[in-house]
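Here's the letter readout for the chains.
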Amino acid sequence: CEMYLAVGRFPARLKFMKSEAGENAQIKATLRALALAHPTVEFRLRTKGRVEETWLAADSLLARATQVLSGAKLYATEGTFGDAQVEAVFASPHDVAGNARSITIFVQDRWVQDRSLQAAVIEAYRGVLMHGEYPIAIVKLKVPSADVDVNIHPTKSQVKFRDAQTAFRAVNRVLRAALEQAPWM
């Protein structure tokens, strides 16, 4: 899969666009999310004809996350809670970010913005991070399709769970259990 950044080619949309750099950053973030959601697919990012990023096909989320988030030492875990399946890649509490954008969440392999699941990740790290520090984590949550509604936002970037508490607990408990093992020690 190859994606070209073509910003500013549709005049009707120009008034809604930010700067070219801002639009490029948004496209890059989306492509990173797609690469994380589909680790077995190769992705190349070209900007103005120049290859900026290449993420080769990987055999696991951990391998792909290592490519995309180069620099951080990452660990993987997975588990279930009720009908929910959680797969997560996370950094140690020593590798942190200054904002919550370093938490990437997928529900049914769809990149979503969900404050509750983001809070579940932050809560899992409670007691090991300083105030103002945020974890680096990628979380994939799979629940039965009847338990999640993906049609609540036009961009499909938000979801609604039939039981939001179960989704929160699943993410929190699986990640917290892995953190308590302290694999970085």
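Look up a bit, the structure's there.
Residue numbering note: each chain is counted from 1, following its sequence as written. Local features are withheld for residues below a pLDDT of 70 in this predicted model, meaning they are given only at 70 or higher, and side-chain atom pairs are given and counted only at 80 or more; totals for whole chains, interfaces and linings count all residues. Hydrogens and water are ignored here; the side-chain numbers use all heavy atoms of the structure.

Asker: Looking at this structure, I do not really get the sheet that holds strand E10 (residues 137-142). What am I missing?
Answerer: Where strands meet in a sheet, backbone hydrogen bonds hold them as pairs that are either parallel or antiparallel. Following DSSP output, two strands are said to pair if at least two bridges run between them. Secondary structure follows DSSP: runs of H or I at least 4 residues long count as helices, runs of E at least 2 residues long count as strands, and numbering of each begins at the N terminus. Sheet architecture is open: five strands sit in the order E4-E5-E10-E7-E8, paired in mixed fashion. In this open sheet, the two edge strands, each paired with only one partner strand, are strand E4 (74-81) and strand E8 (110-112). The sheet shows a mean angle of 20° between the axes of neighbouring strands, taken without regard to direction. Where strand E5 (residues 84-91) meets E10, six bridges bridge the pair, whose relative direction is antiparallel. Along E10, the bridge assignment pairs Gln85 with Lys142. Sheet contacts for helix H1 (residues 20-37): strand E7 (103-107), E8 and E10; angle to E7, the most-contacted strand, approximately 55°. Here, two residues are considered to be in contact whenever any of their heavy atoms come within 4.5 Å of each other. As a rule, the C-alpha atoms of each element are fitted with a line to give its axis, helices using only the stretch in contact, and angles between N-to-C directions run from 0 to 180 degrees. Contacting E7 and E10, helix H3 (residues 115-124) crosses the sheet at an angle of about 130° to E7.

Asker: What's the story with the nonpolar core in this structure? I'm lost.
Answerer: Generally speaking, a soluble globular protein has its nonpolar side chains buried in company with each other. Definition used in this section: a nonpolar core is a set of buried Ala, Val, Leu, Ile, Met, Phe, Trp, Tyr and Cys residues joined via side-chain atoms within 4.5 Å. Here the term buried applies to any residue with accessible area under 20% of the maximum for its type, exposed to any over 50%, and partly exposed to those in between, with areas from a 1.4 Å probe on protein chains only. Grouped together as the largest cluster of nonpolar side chains are 30 residues, with contacts concentrated most on Val107, Leu141 and Phe161. Breaking this core down by element, the ones donating at least two residues are E5, E7, H3, E10 and helix H4 (164-180). At seven residues, the largest contribution of residues to this core is made by H4. Residues contacting Phe161, with those up to four places away along its chain left out, are Val107, Asp114, Leu117, Leu141, Val143, Asp147, Val148 and Ala167.

Asker: What is the right way to look at unusual backbone geometry in this model?
Answerer: Peptide bonds are mostly trans, and most non-glycine residues show a negative phi. A positive phi angle is found at Gln108, which is not glycine, with a value near 55°. Secondary-structure assignment places Gln108 in the loop between E7 and E8. In the Ramachandran plot, Ala182 falls in the positive-phi region, its phi being about 45° despite a non-glycine side chain. Mapped onto the elements of the fold, Ala182 is located in the segment after H4.

Asker: It is not clear to me how the environment of Glu20 should be interpreted in this structure. Could you clarify?
Answerer: Secondary-structure assignment places Glu20 in helix H1. Look at Glu20 and you get partly exposed, because its relative accessible area is 39%. Sequence separation of Glu20 and Val139 is 119 residues, and the distance between their C-alpha atoms is 30 Å.

Asker: Where do I start with the side chain of Thr104 in this structure?
Answerer: Within the element layout of this structure, Thr104 appears in strand E7. Exposure remark for Thr104: the relative accessible area of 14% places this residue in the buried category. When sequence neighbours within four positions are dropped, the list of residues in contact with Thr104 reads Leu36, Trp111, Ala137, Ile138 and Val139.

Asker: Where do I start with the packing of aromatic side chains in this structure?
Answerer: Remark: the centre distance and the inter-plane angle together describe each pair of aromatic rings, the angle taken between the planes. Ring geometry is summarised as follows: Phe, Tyr and Trp rings, the Trp one being its six-membered ring, pair when their centres sit within 6.5 Å, and such pairs are stacked at plane angles under 30 degrees, edge-to-face over 60 and tilted between the two. Following the criterion strictly, the structure yields two aromatic pairs and no others. Summarising the aromatic geometry, the rings of Tyr75 and Phe90 are spaced 6.0 Å apart at their centres and angled 40° between planes, so their arrangement reads as tilted. Residue Tyr75 is located in strand E4, and its partner Phe90 is located in strand E5; the two are separated by 15 residues in the primary sequence. The class of Phe90 is buried, set by a relative accessible area of 1%. An aromatic cluster is built from Tyr75, Phe90 and Trp184, whose rings are joined through pairwise contacts.

Asker: For this particular structure, what's the right way to read the pattern of salt bridges?
Answerer: Between side chains of opposite charge, a pair can form when the charged atoms approach closely. Here a salt bridge means any side-chain nitrogen of Lys or Arg lying within 4 Å of a carboxyl oxygen belonging to Asp or Glu. In total, this model carries eight salt bridges according to the counting rule given. One salt bridge in this structure joins Lys142 and Asp109, with 3.3 Å as the shortest N-O distance. Of the two residues, Lys142 is situated in strand E10 and Asp109 in the loop between E7 and E8; the sequence distance between them amounts to 33 residues. When its relative accessible area of 27% is taken as the criterion, Asp109 is described as partly exposed. We note a salt bridge from Glu180 to Arg176, for which the minimum N-O separation is 3.4 Å. Separated by four residues within a single helix, Glu180 and Arg176 lie in helix H4, roughly one turn from each other. When its relative accessible area of 57% is taken as the criterion, Glu180 is described as exposed.

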